[in-house]
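Descriptive structure summary
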Amino acid sequence: MFMIGIILNFFVGRVAYMLWKKVLLHKVETEVLLKMYKIVNQQKIGENLALLDVQAPQIAQKAKAGQFVIVRIAEKGERIPLTIADFDREKGTITLIFQEVGRTTQRMALLKTGDNILDLVGPLGEPTHLANFGTVVCIGGGVGIAPIYPIAKALKECGNKVISIIGARCQNLLFWEDKMRDVSDELFIATDDGSVGQKGFVTDVLKQLMADNKLDKVWAIGPMVMMKAVAQVTKPTQIDTIVSLNPIMVDGTGMCGACRVQVGDETKFACVDGPEFDGHLVDFDLAMRRLSYYKDEEKRALAQKECQGGGCGCH
Amino acid sequence: MSLKIPRNPMPAQDPGKRAKNFQEVALGYDENTAVLEAQRCLNCKKPLCMQGCPVEVDIPDFIIEVAKGDLKKAAEIIKGKNSLPAVCGRVCPQESQCEKFCILGKKHEPVAIGRLERFVADWEAKQEAEEVYPPEATGKKVAVVGAGPAGLTCAGDLAKLGHEVTVFEALHTPGGVLMYGIPEFRLPKDVVRREIEYIKKLGVKFENNSVIGKLFTVDELLEEGFNAVFVGTGAGLPYFMKIPGENLNGVYSANEFLTRTNLMCAYDFPNSCTPIKAGQKVAVIGAGNVAMDSARTALRLGAEESYIVYRRSESEMPARHEEIEHAEEEGVKFLLLTSPVEFKGNANGNLESMVCIRYELGEPDASGRRKPIAIPGSEFEMEIDNVVMAIGQGPNPLVPTSTPGLKLTKWGNIVADEETGQTAQDGVFAGGDIVTGAATVILAMGAGKKAAKAIHQYLAK
C-alpha cells in the first residue's frame, strides 16, 4: 500500500511538473527572441541551494568581483538581485547561486540545464576595491560563500595573504570548500552544529585569528546578523571591514531607491553606491527591518502555489 | 461657422468608478465628435499652434484632413513628424503648448488639438497595418542609450533617414517613463507597446537588459563601430527630503511606487510576483504630475484616503490643471502649505505617522513663485500608512560618470547644446531629462528630434 502511494505520488508529481514545464518553456521560447540566457549547467549544491551556470557572454566579459545581476524568470515575474558567484570570460558564462527562500527562487530551482532565463541584467554595482592590503580575511556565511569566492580569488591575485572562513548552520548548507581552499592561503570552516569544521560561528574563528595575526582588512558576506556580528568583532581594533548588502531592489540601476541603506550619516543606494559598504558604519538593524517589509506578502505568494491563472509562470 | 461650435469635452469614466480601477480615464472622441472639433479650426495662414509644438507636427494640415474625414491622410501627416502620436495625444500639456497659441483661444476656447491627435492615432491603430518601407540604408550606425521618449523619438527619426539604429535599454522592456512611470489609467501600456512596434517596423533594433555604463561604456559603443551615440537616460535618481524617519518601511520614492505598480504589475499581486503596500492612508509629498499619478494610483490600490501634501499653495502646484482636476474628482485630498518634518514608525520599523509643519507664502523667490516660510509652532502629527516622495529627481549617474569626455553641470546633468544635443564629446549627443533635469515627455521628444537632425548632419560629414 505504502509503495503504491509513493509510485502514484511520483507519477502525479511528474505529470504536473511536465505540464508546468511545457507551458513555461513555451512562454520563454516565444518571448525571448534576441537575447538568450541559456542555462548550461544546473546543480543542487546543498539543502535548498542551487547553482546555475548561465550563458551571458557580454556580462561575463565585464563582470568583476563584488558585482551582481538582476534576474527575472517569467512575464509578471519579479526582479531579484543575485551576486555573481563566478564568471568565465572564455566560455562566456556567469555562475549564480541561490537559496530557495521565496516563490521566485523556488521556481528558479526548477529550471534545468538547457532552459533559458528570461531577463538577466548586469554587471551591476561597484566592483570590490582591490589592492594588496597585506593579510586579509574573507568570510562567507551560508549562501554568502558564493559572493565571497570571487572576492577572495581577486584579492589572492593581487598578492594578499588570504585567510578565509566559511560557515553555515550545518554541513548540508556548506558548499565550495574546495574552490575556497584553492584561492586561500588558509581556510577555516565553522558550523553551528559542528557537523563539519569547528563547532561555532565564523566570528569565533575570526576572534582567534585576530589574537594570532595582524589583520589588515576583512570582508564579510552572509546573513545580515552574521555581518553585523563580524563588524562588532572588528570594531574595537578598527580593522577595516567591508560587508556586501543584499537589500530589496527593483530596477538595480539607482532609479527607485528601494535599496536604500543607512551608512553613517548618509543614505546610500546599495545598487549604485554599493553593494559593498564599510561594515562599521552600516545600520544593520534598519537594513534587517527593511528586508522584512514584505514578509506577509511573501507568505501569501508562497501559499498561492496552486496558481489559478495569470502570467507569473507557475502554470 | 467654426466660432459657433463649442470645444467638445473629453468623455471620461465616472470618477467614483474609475478611482477603483486601472482602466483609462479619458475615453477619447468618437469620429463624429472628432470631425466636429476639427471643423472649429480656422486654418490660419500663419498657424501659431505649430510654434508651440516641440516636435513640429503640421497641426492645421492634419486637422483639415480630419474635418474632411480623411483619417488615413491625417495619420500620415502626424507620423511624418511624430513617431509617438498616441502617447502625445494623451500626456502632452497641450494647454501650455500648441493649444496655448491657438487663435481661437484668445476669445473662445482653443481647438482640442491633443484630443484630435489621440483620436487619429487610435483610429490608425485599429486599421490594417500598413507596410513600412525603410528608406535606402546610409550604412551609418547609431546607438541610442535609453528607450524613453527622447531615445524613441531620436531612434525613429534616424531610422526614417536610413541609419541603422540600435536602442540600448536598461530595463526588461522599452518605453522608459512611459512604461514604468505614467500609470495605465492615463497611458495604457498597450498604446506604448503599439508605438514601439511602429518604431521597430522602421528598422530600429532594441537591446533590452543593457545598462550602458556597466555592460558597455559610451566610448566602447563608439569603438565597436557606432558612428554616433545619443544619450537619453532620463532623470533616474529620486530625491528624498533628508528628514528623520525617511528610511522607514512604507516610505517610497514615487519612482519605486509607480514602477512596482506599472512596470511590475504589483496591482495584480499575487498573480504577478512583485508586491506593493498602499495602506488605508497614503500621503504623497509634492504636487507635480508624478505626485498626482501617485495619489491616484494609491486610491486604485485600495487606499481609503490619499493626500497631496505640498508646501506651497494651489496656484503654485506644478501639475497640469487637468491632472489636478482628475485627482480632485476622484477624491484625492489636498493638504497645502504643509510639509513633513519627520516620519515615525513602530518597533518593526514600519511607518505609523508623520509630523508636518504649516507654511505661509512670503516674497517671490528665484523661481518667481512666492517663497514658502515655515510657521513656528504649527507642527501637527497625522497617522499615515504610506508616504510617497514625489519631489523630483536628479540625473541617473551611470552614463555621466562612465564617460570621461562629457561635461557635466554641478547637478550631474550632461551639458549639451540646446539646438543640436551636441555634448562636449565628438559624436556623442544627449537630450531629455538627462540634460534638462526632470521635465515633460514632449520636451524630451523635442530634444530627441533635434538631436536626430544634428546626428544626421554629423554623419553626412
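Residues numbered from 1 in each chain as written. Chains lettered and ligands numbered in written order. Predicted model: local features only at pLDDT ≥ 70, side-chain atom pairs only at ≥ 80, totals over all residues. Heavy atoms only, no water.

With that settled, the discussion passes to the packing of helix H4 (residues 71-81) of chain B against helix H8 (residues 113-126) of chain B. Residue and element names in this part refer to chain B. At their nearest, the axes of H4 and H8 sit 9 Å apart, and the two run at 110° to each other. With respect to their mutual orientation, H4 and H8 come out roughly perpendicular. In this structure, H4 contributes Leu71, Lys72, Ala74, Ala75, Ile78 and Lys79 to the contact, and H8 contributes Glu117, Phe119, Val120, Trp123 and Glu124. When the residues that make up the contact of H4 with H8 are grouped by side-chain class, the tally is seven nonpolar, no polar and four charged. (Axes fitted to C-alpha atoms, helices over the stretch in contact; angles between N-to-C directions. Helix = DSSP H or I, 4+ residues; strand = E, 2+ residues; numbered from the N terminus. Parallel < 35°, antiparallel > 145°, perpendicular 65-115°, else oblique. Contact = heavy atoms within 4.5 Å. Nonpolar A, V, L, I, M, F, W, Y, C, P; charged D, E, K, R; others polar.)

Attention now moves to the sheet that holds strand E16 (residues 428-430) of chain B. All names here are of chain B. One open sheet accounts for five strands, arranged E3-E2-E1-E4-E16; its pairing is parallel. Taken across any chain shown, the strands that pair with only one partner, and hence form the sheet edges, are strand E3 (205-207) and E16. Here the strands of the sheet are splayed against their neighbours by 20° on average, with no regard to which way each runs. Pairing of strand E2 (residues 164-168) with E3, which is carried by three bridges, proceeds in the parallel orientation. Bridge pairing in E3 links Thr166 to Lys205. (Pairing = 2+ DSSP bridges.)

All names here are of chain B. Of the two faces of strand E4 (residues 228-231), the one carrying Ala228 and Phe230 and the one carrying Val229 and Val231 are both buried. Bridge count between strand E1 (residues 141-145) and E4: four bridges; the pairing is parallel. Its bridge partner being in E4, Val144 is matched across the sheet by Phe230. Both E4 and E16 contribute to a ladder of three bridges, which runs parallel. When the bridges of E16 are listed, Val229 appears paired with Val428. (Buried < 20%, exposed > 50% of the residue type's maximum accessible area, 1.4 Å probe, protein only.)

On to unusual backbone geometry. One can expect most non-glycine residues to show negative phi and most peptide bonds to be in trans. With an omega dihedral of 10°, the bond running from Gly274(A) to Pro275(A) counts as a cis peptide bond. Mapped onto the elements of the fold, Pro275(A) is located in the loop between helix H8 (270-273) and strand E16 (276-278). Omega for the peptide link from Phe269(B) to Pro270(B) comes to 5°, which places this bond in the cis form. In this structure, Cys265(B) takes a positive phi of about 55° despite not being glycine. Relative to the helices and strands, Cys265(B) resides in the loop between helix H13 (254-261) and strand E7 (281-285). For Cys265(B), a relative accessible area of 17% corresponds to the buried category.

What follows deals with the sheet that holds E7(B). All names here are of chain B. Reading across from one edge, E6-E14-E7-E8-E9 is the order of the five strands in this open sheet, with parallel pairing throughout. Unpaired on one side and paired on the other, strand E6 (251-253) and strand E9 (333-336) mark the two borders of the sheet. When the angles between neighbouring strand axes are averaged without regard to direction, this sheet yields 25°. As judged from the three bridges shared by E6 and strand E14 (residues 386-389), these two strands associate in the parallel manner. Counterpart to Tyr252 in the pairing with E14 is Val388. In this fold helix H14 (residues 289-300) packs onto E7, strand E8 (305-310), E9 and E14, with an angle of close to 165° to the strand it touches most, E8.

Further remarks concern the environment of Leu302(A). Residues and elements named next belong to chain A. Residue placement: Leu302 occurs in helix H10 (residues 295-303). For the pair Leu302 and Gln106, spaced 196 residues apart in sequence, the C-alpha separation works out to 9.2 Å. Residues within four places of Leu302 in sequence aside, it is in contact with Val101, Gly102, Arg103 and Gln106.

Ile59(B), Phe62(B), Ile63(B), Val66(B), Leu116(B) and Ile455(B) are the most contacted members of the largest nonpolar core, which has 77 residues in total. Among the elements that take part in this core, helix H18 (residues 441-460) of chain B stands out by supplying 10 residues, more than any other. Those residues in contact with Ile455(B) that lie beyond four places of it in its chain are Val142(B), Cys154(B), Leu158(B), Ala228(B), Phe230(B) and Phe429(B). If you look at the next biggest cluster of nonpolar residues, it comprises 57 residues, including Met210(A), Val282(A), Tyr307(B) and Met382(B). (Core = buried A, V, L, I, M, F, W, Y, C linked by side-chain atoms within 4.5 Å.)

Further remarks concern the packing of aromatic side chains. The full count for this structure, using the stated rule, is 11 aromatic pairs over all chains. When the centroid spacing of 6.2 Å and the interplanar angle of 70° are considered together, the rings of Phe168(B) and Phe216(B) count as edge-to-face. Taken together, the residues Phe168(B) in strand E2 and Phe216(B) in the loop between E3 and helix H12 (218-223) connect sequence positions 48 residues apart. Considered together, Phe168(B) and Phe216(B) belong to a single accessibility category, that of buried residues. When the ring centre of Trp176(A) is taken as reference, the NZ or CZ atom of Lys179(A) above it lies at 4.1 Å. Cation over ring: Arg300(B) sits above Phe185(B), and NZ or CZ is 3.7 Å from the ring centre. (Phe/Tyr/Trp six-rings, centres within 6.5 Å; stacked < 30°, edge-to-face > 60°. Lys NZ or Arg CZ within 6 Å of the ring centre and 35° of its normal.)

Further remarks concern the interface of chain A and chain B. In this assembly, 51 residues from chain A lie in contact with 50 residues from chain B. Contact between chain A and chain B buries roughly 4,100 Å² in total, counting both sides, with carbon and sulfur atoms accounting for 53%. The largest contributions to the chain A side of the interface with chain B come from Met255(A), Arg260(A) and Tyr293(A), which together make up 18% of the buried area. In this structure, the connection of chain A to chain B is made through four salt bridges. Residue Glu126(A) is joined to Lys214(B) by a salt bridge in which the shortest nitrogen-to-oxygen separation is 3.5 Å. Along the contact surface separating chain A from chain B lie 24 residue pairs in polar contact (both at pLDDT 80 or more). Of all the secondary structure elements, the ones that give two or more residues to the side of chain A that touches chain B are helix H2 (57-62), helix H3 (103-108), strand E7 (119-124), strand E14 (260-263), strand E15 (266-269), helix H9 (284-291) and H10 of chain A. When residues of the side of chain A that touches chain B are assigned to their parent elements, the largest contribution, six residues, is made by E7(A). (Buried area = accessible area lost by both parts, 1.4 Å probe. Salt bridge = Lys/Arg side-chain N within 4 Å of Asp/Glu carboxyl O. Polar contact = N/O pair within 3.5 Å; in protein donor to acceptor, adjacent residues only side chain to side chain.)

Residues and elements named next belong to chain A. On average, chain A scores 86 in pLDDT, and the residues at 70 or more come to 85%. For the stretch residues 15-34, pLDDT sits under 50, and the model shows 22 contacts to residues farther than four places along the chain or on other chains. Contacts from residues 306-315, a stretch scored under 50 in pLDDT, to residues over four places away or in other chains number 29 contacts. (pLDDT = per-residue confidence, 0-100.)

Moving on, we get to the side chain of Arg79(A). Here Arg79(A) lies in the loop between strand E3 (68-72) and strand E4 (80-88). Of the side chains bearing the opposite charge, Asp119(A) lies closest to the buried Arg79(A), which forms no salt bridge; the N-O distance is 6.2 Å. A polar atom in the side chain of Arg79(A) sits 3.1 Å from the backbone oxygen of Asp251(A). Within the structure, Arg79(A) has its side chain in polar contact with the side chain of His172(B) (distance 2.8 Å). (Lys, Arg positive; Asp, Glu negative; His and termini not counted.)

Residues and elements named next belong to chain B. Its place among the elements puts Phe343 in strand E10 (residues 338-345). In this structure the C-alpha to C-alpha distance between Phe343 and Val387, which are 44 residues apart in sequence, comes to 9.1 Å. With residues near it in sequence (within four places) discarded, Phe343 still touches Ile243, Pro244, Gly245, Glu246, Leu248, Leu351, Ser353, Met354, Val387 and Met389.

Residue and element names in this part refer to chain A. Locating Glu75 in the fold gives a position in the loop between E3 and E4. Residue class for Glu75 comes out partly exposed when judged on its relative accessible area of 33%. Along the backbone, Glu75 and Leu187 are 112 residues apart, and their C-alpha atoms lie at a distance of 42 Å.

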